[in-house]
Amino acid sequence: MALSLFYMLVFPGFLFLVVFALSAEYVDRKLCAKLQNRVGPPWYQPFADFIKLAAKEDVVPMLVDRTMFRYTPIVALAASITSVLYIPIWGPDALFKFNGDVIVVLYLLTIPTLTFFLGGWYSRSVFSMLGAVRSIMQLFAYEIPLYLSILAPALLANTWSLSGMARFYSLHPLYALLNVIGLGVSLVALLGKLERVPFDTPEAETEIVAGCFTEYSGRLLALFRLAISVEMVVGATLLAAVFLPFGLELGAPAAFGLYLVKALAVICLLTLFRTVFARLRIDQMLRFCAGVVAPIAFGQVLIDLVAKRMLAL
Amino acid sequence: MHDGENIRIPIGPQHPALKEPTSFSLALEGERILQAGVRLGYNHRGIEKACEERTYIQDLYLVERICGICSHSHATCFCMAVEEIAGTELPKRAAYIRTLVAELERVHSHLLWLGVAGHEIGFDTLLMYTWRDRETVMDLLAALTGNRVNYGINTFGGVRRDVSPEQKAALLKGMDLLEERTKYYISVASEEPTLIERLSGVGTLSHADAVRVGAVGPTARASDVKRDTRKDDPYAAYGEMPFSVITSDHCDVYGRTLVRVGELMESYNMIRWLVNNLPEGPIAVKFPRRVPAGECFMRYEAPRGEDVHYVRANGTDKPERVKVRAPTLANVQAVAHMLKDGYLADMPIVVAAIDPCFSCTDRLIAMADPHSLQPGVLTWEQVRQHGIEWYRRRGVDFTRLNRTFKCGEGG
């Protein structure tokens, strides 16, 4: 019991993830600033922002559904933190595992988007509602390619468990190279999931103010923003575990160090995309995901099926 | 905010997409705009009236503050109008320096626009890059005139500062740097797929419509309307200087971007020509304090389009009437037209594409009941009473505060 609490609250749960997420946010912001020829924030800026925002007054508008408005940020944060427990970080085995946990992780990572939708919808403001509708439309666009690209490596490994996949690819590291396309697809899908440029239409500042978060302030907004940062780190962790399963057998400290490098590399790639593209319109985003990304993800599934037959696994 | 099946969404008076208060009301069906309404009048400053109360030389500094970006345009236009009434012949060197500052202003304004356009479509990297490069021209303007904005270079009958040989060298060097950077932006604009995707086919204004609604400046030229006051009605040094009018037949926001970037390249060459051909001579002639009776209607090509000043003098040291028509007023009719049948997501860039300047445009305050939309007249006392009651209904009582305010007012 005490150990489970430690896992959940300290490592690799709440405390570790919050510190890692805010540090990753610093890396993201600093790198973005450097790429844009700016100075960028000092290392403690994300922590300072969080503390300051959390100390501000929560303004709850008169017309909103108070229960939904208050609890959605907490659910968002809880879901993204929980999902990390099933992802292998310092070795081929995660803390908890069962056959099918890959689906659970993907499902848990969908919950934050649903809470954005609910939070926005129950805010009862035009901007929030438009943002909510956009984020749910976007969900349908990126979720299919994301599932396909994560499940394709699972097909090859013949398991529905992330730990099983890690074990399989540790034994056959070269097979991971078959999934390079999947890595690209899931990076694009992750951009959509995290609502970042070029897929940040749900919170496009110049169109709908802050989308779902327009009416949020103070502690609740701080929680939402923290949830997004944690989701970014967990997404990067998932990609690192599925597509970059190297060095897991080197022992816990080395594997953990490698994991940090891999996750930060994924985050740096996400930052790079953020600086070199303009925001797409929601219809362009849908067309791009359905017409280009999803077929490529199907291609990845085909590659893995063919490889499985040829390699007689 | 529900209007049957459609949603009516307010953009403004306060909205992150707008840099100044104005109000757009968009009727939406999903993400498509069915109808767009524009309401101006949140930023009226009464400058025209204030001009009548001041002397000409005071007015010169006041009209320079009509716009923060094209300040030189308004000052020069006003200056030329007053000089025309007084019949003053401008020294050639002064005309060249005015033109030089005008073109530097166009460069800074277009670079600023390019950054704003990038920001409106979520491409903040472009904003950071262009605004960094814009510092070059801002520094040149500061060295030349003493100010980064509101240059104060004009005076009636000439200019107030001369150009030194060192400044000439700095100008040429700055133009080389900016030309190289602008070539880079041209390659970005023609190769970056998300940028092209977001700009082409957006905010379409056909050639016929541009003529019909009387669009001016880069907005009109992007619809292939060859309208440029610098060519059509040359003033200052434009009659002697070789340059071409940039047009585009894209008729959309992409075309407006190409026109502005093309004009940047054209301006660099113009600045080089002006620096190399700057004639010798005095920079100002004596100008009388009292302007003889008369009137003048003056046109000037500001970075956003044709700027118009009308001045009527009555023989005293103060004008009888000053009328300003900023380019945005001519283009704002086109915006409602461009927004119709577009996407909500394109609204910020379509509005930004005319390079609007609403405070320069506002000439009156209209108050309308938001429910009936019938204009009416409220006295100051009625407005105050309305405010007090509005807050009292929400549990805030200002009557106490108001009493102290009233006491203070008497003293």
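These figures come from a predicted structure and were not determined experimentally.

Thresholds applied
- Residues numbered from 1 in each chain as written.
- Chains lettered and ligands numbered in written order.
- Predicted model: local features only at pLDDT ≥ 70, side-chain atom pairs only at ≥ 80, totals over all residues.
- Helix = DSSP H or I, 4+ residues; strand = E, 2+ residues; numbered from the N terminus.
- Rg over C-alpha atoms; globule rule 2.2 N^0.38 Å.
- Buried ≥ 20, exposed ≤ 12 C-beta atoms within 10 Å, placed from the backbone.
- Contact = placed C-beta atoms within 7 Å.
- Core = buried A, V, L, I, M, F, W, Y, C linked by C-beta atoms within 7 Å.
- Nonpolar A, V, L, I, M, F, W, Y, C, P; charged D, E, K, R; others polar.
- Domains from an automatic or database assignment.
- pLDDT = per-residue confidence, 0-100.
- Expected span 1.5 Å × (residues − 1).
- Axes fitted to C-alpha atoms, helices over the stretch in contact; angles between N-to-C directions.
- Parallel < 35°, antiparallel > 145°, perpendicular 65-115°, else oblique.
- Left-handed = near helix turned anticlockwise from the far one by under 90°.

Peer 1: Any chance you could explain the overall build of chain B here in plain terms?
Peer 2: In terms of regular secondary structure, chain B is built from 16 helices and 9 strands. For chain B, the C-alpha radius of gyration of 23 Å lies close to 22 Å, the compact-globule estimate for 411 residues. Each of the 411 residues in chain B was classed as buried or not, and the buried ones make up 45%. Considering only contacts in chain B between residues 6 or more positions apart, those separated by 24 or more positions represent 68%.

Peer 1: When you look at the nonpolar core in this model, what are you seeing that I'm missing?
Peer 2: As a rule of thumb, soluble globular proteins bury nonpolar side chains together. Core analysis: the biggest nonpolar cluster contains 204 residues, and Val233(A) and Val350(B) have the highest contact counts within it. For this core, the element with the highest residue contribution is helix H10 (residues 218-243) of chain A, accounting for 18 residues. When residues no more than four places from it in sequence are discounted, the contact partners of Val233(A) are Leu17(A), Phe20(A), Ala21(A), Ala24(A) and Ala263(A).

Peer 1: What's the story with the interface of chain A and chain B in this structure? I'm lost.
Peer 2: Interface size is often expressed as the accessible area that is lost when the parts come together. Taken together, the contacts link 24 residues of chain A with 26 residues of chain B. Of all the secondary-structure elements, those providing two or more residues to the side of chain A that touches chain B are helix H9 (205-208), helix H11 (252-276) and helix H12 (282-311) of chain A. Considering only residue class, the side of chain A that touches chain B consists of 11 nonpolar, 6 polar and 7 charged.

Peer 1: Any chance you could explain the environment of Glu207(A) here in plain terms?
Peer 2: With respect to the helices, strands and loops of the structure, Glu207(A) is situated in helix H9. Of the residues examined, Glu207(A) has 31 C-beta atoms within 10 Å and is grouped as buried. Once the C-alpha coordinates of Glu207(A) and Tyr175(A) are considered, the two residues, 32 residues apart in sequence, prove to be 45 Å apart. Look past the residues within four positions of Glu207(A) in its chain and what remains in contact with it is Ala17(B), Leu344(B), Ala345(B), Met347(B) and Pro348(B).

Peer 1: How do you make sense of the domain arrangement of chain B when you look at a structure like this?
Peer 2: Each assigned domain of chain B is listed here: domain 1 (47-331) and domain 2 (378-411). Computed from C-alpha atoms alone, the centre-to-centre distance between domain 1 of chain B and domain 2 of chain B is 45 Å.

Peer 1: Can you walk me through the confidence of the model for chain B in this structure?
Peer 2: As a general rule, the predicted coordinates of low-pLDDT regions are not to be interpreted in detail. Residues and elements named next belong to chain B. Confidence in the prediction of chain B, expressed as mean pLDDT, is 85, and 92% of residues score 70 or more. Note that residues 407-411 has pLDDT below 50 and, in this model, 0 contacts with residues that lie over four places away or in other chains. Taken together, the chains of this predicted complex give a pTM of 0.82 and an interface ipTM of 0.79.

Peer 1: What am I meant to see in helix H6 (residues 165-191) of chain B here?
Peer 2: For the α-helix, the turn length of 3.6 residues means that residues three or four positions removed from each other point alike. Residue and element names in this part refer to chain B. Here H6 spans 40 Å end to end across 27 residues, near enough to the 39 Å set by a 1.5 Å rise per residue. All of the buried residues along H6 are Leu171, Met175, Leu178 and Thr182. Against the buried residues of H6 lie helix H4 (92-120), helix H5 (124-145) and helix H11 (253-276).

Peer 1: Mind showing me how you'd approach the packing of helix H2 (residues 14-35) of chain A against H11(A) here?
Peer 2: Helix-helix packing is characterised by the crossing angle of the two axes and by the distance between the axes. Residue and element names in this part refer to chain A. Contact geometry of H2 with H11 gives a least axis separation of 9 Å together with a crossing angle of 40°. As far as their axial angle goes, H11 and H2 are oblique. Judged by the twist between their axes, the crossing of H2 over H11 is right-handed. Residue-level inspection shows Ala24, Val27, Asp28, Leu31, Cys32 and Leu35 of H2 in contact with H11, the latter providing Leu264, Ile267, Cys268, Thr271, Arg274 and Thr275. Here the contact of H2 with H11 is built from residues that sort into 8 nonpolar, 2 polar and 2 charged.

Peer 1: Any chance you could explain the packing of H2(A) against helix H3 (residues 45-55) of chain A here in plain terms?
Peer 2: All names here are of chain A. Where H2 contacts H3, the two axes come as close as 8 Å, and the packing angle between them is 120°. Considering the angle they form, H2 stands oblique to H3. Listed contacts from H3 to Leu22, Glu25 and Tyr26 of H2 are Gln45, Pro46, Phe47 and Phe50. Looking at the contact of H2 with H3 residue by residue, the classes come out as 5 nonpolar, 1 polar and 1 charged.

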